[in-house]
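The chain contents come next:
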Amino acid sequence: MSCTKYQAFPKVFFLSLNPRQLKEGGKMNTEYASAERSDKNTLLKQKALFQDNKLVKVITNAVSSALVILNENRQIIYMNDLFSQITNRKQIDEIIGLRAGEALECIHSYRSEGGCGTTEFCKKCGAVNSILEAQKGWKNVSECSITSKRDVTFDLEVTSSPFDYNEEKFIIFTVKDISDRNRRNILERVFFHDVLNSAGGISGLSEVLTETDNIEEYHNFAKIIHNNAELLINEISSHRQLLSAEKGELQTDFKSYSSEEILNQIIELYSNHQISKDNKIIISSHSETFQFKTDSTLLNRVVGNMTKNAIEASNPNSEITLKAELKQNKPTFSVHNQSYISYESQLQIFKRSFSTKGSGRGIGTYSMKLLGEKYLRGKVWFETNLKQGTTFYIQLPASD
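Residues numbered from 1 in each chain as written. Predicted model: local features only at pLDDT ≥ 70, side-chain atom pairs only at ≥ 80, totals over all residues. Heavy atoms only, no water.

## Points about the overall build of the protein chain
Applied cut-off: Helix numbering and strand numbering both begin at the N terminus, where a helix is a DSSP run of H or I of at least 4 residues and a strand a DSSP run of E of at least 2. For every residue, the accessible area (1.4 Å probe, protein chains only) is compared with the maximum for its type, and the residue is labelled buried under 20%, exposed over 50%, or partly exposed between those bounds. Working rule for contacts: check all heavy atoms of both residues, and any pair within 4.5 Å makes them a contact. Per-residue and other accessible areas were derived by the Shrake-Rupley procedure at a 1.4 Å probe size, with only the shown protein chains allowed to occlude residues.
The helix and strand tally for the protein chain stands at twelve helices and twelve strands. When the 400 residues of the protein chain are sorted by exposure, 50% land in the buried category. In the protein chain, 65% of the contacts between residues at least 6 apart in sequence involve partners at least 24 apart. Accessible area for the protein chain stands at about 20,300 Å²; split by element, carbon and sulfur atoms hold 48% of it.

## Some points on the side chain of R74
For the record, the criterion: In this count, Lys and Arg are taken as positive residues and Asp and Glu as negative ones, while His and the chain termini are left out. When a carboxyl oxygen of Asp or Glu is within 4 Å of a side-chain nitrogen of Lys or Arg, the pair counts as a salt bridge. Polar contacts, as counted here, are pairs of nitrogen or oxygen atoms within 3.5 Å of one another; within protein the pair requires one atom able to donate a hydrogen and one able to accept it, and residues that are adjacent in sequence qualify only if both atoms are side-chain atoms.
As for its position among the elements, R74 is in the loop between strand 1 (66-70) and strand 2 (76-79). Although buried, R74 forms no salt bridge, and the nearest oppositely charged side chain, E102, lies 6.9 Å from it. A polar atom in the side chain of R74 sits 2.9 Å from the backbone oxygen of S34. Within the local environment of R74, its side chain forms a polar contact with the backbone oxygen of C116, the two atoms lying 3.1 Å apart. Not counting chain neighbours up to four residues away, the residues in contact with R74 comprise A33, S34, L98, R99, A100, C116, G117, T118, I131, L132 and Q135.

## So, the pattern of salt bridges
Applying the stated criterion across every chain, the model contains eight salt bridges. One salt bridge connects E102 with R37, and the closest N-O pair in it is separated by 2.6 Å. Here E102 is found in helix 5 (residues 100-103), whereas its partner R37 is found in the loop between helix 1 (19-24) and helix 2 (40-51), with 65 residues between them in sequence. For E102, a relative accessible area of 0% translates into the label buried.

## Topic: the nonpolar core
As a reminder of what qualifies: The criterion is simple. A nonpolar core is a set of buried Ala, Val, Leu, Ile, Met, Phe, Trp, Tyr and Cys residues joined through side-chain atoms within 4.5 Å.
Counting residues in each nonpolar core, the largest one holds 41 residues, and the members touching the most others are I76, I77, F83, I95, L156 and F173. With near-sequence residues (within four places) excluded, L156 lies in contact with L104, S142, E143, C144, I146, V175, K176, D177 and I178. Judged by nonpolar contacts, the second largest core, of 39 residues, contains I262, L299, M306 and L376.

## Concerning unusual backbone geometry
Even without being a glycine, E105 presents a positive backbone phi close to 60 degrees. For E105, the location among the structural elements is in the loop between helix 5 and helix 6 (126-135). The phi dihedral of N329 is positive, around 65 degrees, even though this residue is not glycine. With respect to the element layout, N329 can be found in the loop between strand 9 (319-327) and strand 10 (330-337). Assessed through its relative accessible area of 41%, N329 is described here as partly exposed.

## A few points about the packing of aromatic side chains
Any pair of aromatic rings gets described here by the distance separating the centres and the angle formed by the planes. Just so we agree on the cut-off: Two aromatic rings, drawn from Phe, Tyr or Trp (for Trp, its six-membered ring), form a pair once their centres lie within 6.5 Å of each other, and the interplanar angle then sorts them: stacked below 30 degrees, edge-to-face above 60, tilted otherwise. Charge-over-ring placement is defined geometrically: NZ (Lys) or CZ (Arg) within 6 Å of the ring centre, and within 35 degrees of the ring normal.
For the structure shown, the criterion picks out nine aromatic pairs. Relative to F333, the ring of F290 has its centre 6.2 Å away and its plane inclined at 55 degrees; by these criteria the two rings are tilted. One end of the pair, F290, is in the loop between strand 7 (280-283) and strand 8 (291-294); the other, F333, is in strand 10, and 43 residues separate them in sequence. Exposure class is identical for F290 and F333. Each is buried. The rings of F50, F163, Y165 and F170 are connected pair by pair, giving a single aromatic cluster. The residue whose ring lies beneath R377 is F254, and the NZ or CZ to ring-centre distance is 4.6 Å. The ring of W381 carries the charged tip of K379 above its face, separated from the ring centre by 5.1 Å.

## Quick notes on the state of the cysteines
By definition, a disulfide links two cysteine residues through a covalent bond between their sulfur atoms. Cut-off, in case you're wondering: In what follows, a disulfide is any cysteine sulfur pair within 2.5 Å.
Applying the stated rule across the entire model yields zero disulfides. There is no disulfide at C125, and the cysteine sulfur nearest it, in C144, is 4.9 Å away.

## Considering empty space enclosed by the protein
Put simply, the rule reads: Cavities and pockets are found on a 1 Å grid laid over the protein atoms alone: a cavity is a set of points where a 1.4 Å probe fits but cannot escape, a pocket is an open set with protein on both sides within 12 Å along at least five of seven lines, and a lining residue has an atom within 4 Å of such a point. Grid points are joined across faces, edges and corners, and a volume is the space filled by probe spheres set on the points. Ten residues, namely Ala, Val, Leu, Ile, Met, Phe, Trp, Tyr, Cys and Pro, are considered nonpolar, four, namely Asp, Glu, Lys and Arg, are considered charged, and the remaining ones, Gly among them, are considered polar.
Summed over all chains, the structure comprises two cavities of 30 Å³ or more. Of the voids in this model, the largest cavity is the one considered here, and its volume is about 220 Å³. If you trace the largest cavity, you find 23 residues lining it, with G101, C106, C116, C125 and V128 closest to the centre. Of all the elements in the fold, those that place two or more residues in the lining of the largest cavity are helix 5, helix 6, strand 3 (140-147), strand 4 (153-165) and strand 5 (168-177). Ranked by residues supplied to the lining of the largest cavity, first place goes to helix 6 with three residues. Looking at the lining of the largest cavity residue by residue, the class counts come to 15 nonpolar, five polar and three charged.

## Some remarks on the sheet that holds strand 1
Short version of the rule: When DSSP finds two or more bridges between two strands, those strands count as paired. Lines are fitted to the C-alpha atoms to define the axes, a helix being fitted only along its stretch in contact, and any angle between axes, read from their N-to-C directions, falls within 0 to 180 degrees.
As summarised here, the arrangement of the five strands in space is 2-1-5-4-3, forming an open sheet in which the pairing is antiparallel. On the outer flanks of this sheet lie strand 2 and strand 3, each paired with one strand and no other. Adjacent strand axes in the sheet meet at a mean angle of 30 degrees, parallel and antiparallel pairs treated alike. Summarising the sheet, strand 4 and strand 5 pair through ten bridges and their orientation is antiparallel. Across the sheet, the residue bridging to F163 is F170, located in strand 5. Packing of helix 2 onto the sheet brings it into contact with strand 1, strand 2, strand 4 and strand 5, and relative to strand 2 it is tilted by some 20 degrees.

## Quick look at the pairing of strand 1
Counting buried positions over the five residues of strand 1 gives five, a clear majority of the element. Of the two faces of strand 1, the one lined by A66, V68 and L70 and the one lined by L67 and I69 are each fully buried. Pairing of strand 1 with strand 2 involves three bridges; the strand directions are antiparallel. Pairing of I69 across the sheet is with Y78, part of strand 2.

Printed below as a string of C-alpha cells:
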C-alpha cells in the first residue's frame with residue numbers, strides 16, 4: 001500500500017501524556033489495559049538497542065507499512081521513516097515513551113491520565129487488543145478505527161509481532177491505512193442494499209397498481225409509489241453527498257427555515273416507507289416552532305438518518321417521536337424511540353464501519369456526525385437507557 005494514502009499529523013505538545021510525569025505520579029487507574037509506564041532511563045536504554053543499529057534501520061524502512069517497536073508497557077522506543085512521516089515527528093525523541101494511540105492522536109487516548117489503552121472505549125479497539133495478544137506471545141493481524149483530534153477517522157490494519165531481544169520482550173507494531181478500501185466496500189454494500197430495497201418496493205407496488213380497478217386504491221398506491229420513488233432519489237443523493245463530504249468537497253447552502261417545516265419533511269418521507277414496519281412517526285407535543293438558518297438538505301439528511309435508525313431499531317407498531325426546541329438559543333432536533341442501545345454498541349456508535357444491523361452497514365450514525373458537526377457546525381450525540389429508550393440529538397449553533 002502506498003504511503004501517500006497517509007495524512008501527516010500536526011505536531012502537538014503531549015503535556016498530559018508525558019511518560020516521565022505519569023511515572024512519577026504513582027499508580028494510575030485503568031478501565032482496561034495496564035497504565036504502567038517505563039521510566040526515562042529504561043526508555044533511553046531500550047531506544048539505544050535499536051536506534052543505532054544500521055541493519056534494523058535498513059530492514060524496517062524497507063517494509064511498506066508504518067512501523068514502531070513497543071516495549072512491555074506498550075510504549076514506543078523506535079519508529080521507521082514511514083511512521084515518522086505520518087505523525088510528522090522527525091526524531092524518535094519527539095515520540096519516545098508514547099503509546100501508538102497517543103502518537104496517532106486518538107481522541108480516546110486523552111480521556112484518562114493513563115492514556116492509550118486505559119479507557120472504556122479501548123476495550124473494543126483492535127489496535128490495543130492486537131498488542132495485548134502479542135504480549136501473550138501470538139502474532140496477529142487486526143483492524144481498528146481511530147478518530148484523531150483533528151476529527152479525521154482512519155480505518156487501520158495493524159499487525160503485532162512479539163519478539164525477545166537482549167533478554168527483554170518487545171513488539172513490532174505495523175500500521176496500514178485501509179480507509180479507502182473499507183469506505184468503498186461499505187458504501188457499495190449500503191448503496192446497493194438501500195437502492196434495491198427502494199426499487200423493490202416500487203416494483204411490488206406498481207404490480208399491485210396494475211391489478212386494481214378501484215379508483216381510490218389506485219390513487220393511494222400511486223401516492224405510495226411516488227413517495228418511494230422520492231426515497232430512491234433521496235438514497236442516491238445521500239450516498240453522493242457522503243462521498244463529497246468525506247473528500248472535503250461538499251458545498252453548503254445556509255438559508256432561513258422553519259423547524260416545523262424540517263420535521264414535516266422527515267415525517268412525509270418516512271411515514272409511508274417500507275421500512276416503517278407500521279411504526280407511527282409523530283412530532284412531540286412539546287416541539288417548538290422557530291426560524292433558523294441551516295442547510296436544509298444536510299439537516300434533513302442527519303435527522304432523516306436518526307429517524308431511519310430509530311425505525312429499524314424499533315419493534316413493529318412502535319412510536320417514533322421527533323422534536324425541535326431552542327436550548328440556550330440553539331436549534332436542537334431530536335429523534336426518540338423506545339429501544340435501548342447496548343453498552344458495547346454505545347462505545348462504537350459513531351464509527352464509520354460499525355453497525356448493529358450487520359456486516360456491510362454502518363454509515364448512518366457516522367454520517368450524522370460527519371455532516372452534523374463538520375458541515376452544519378453543530379453537535380451530535382445520543383442518550384440511551386433501559387427505561388426511557390434512545391434519543392439522538394443534533395444541536396446547531398445559536399441563531400443570529
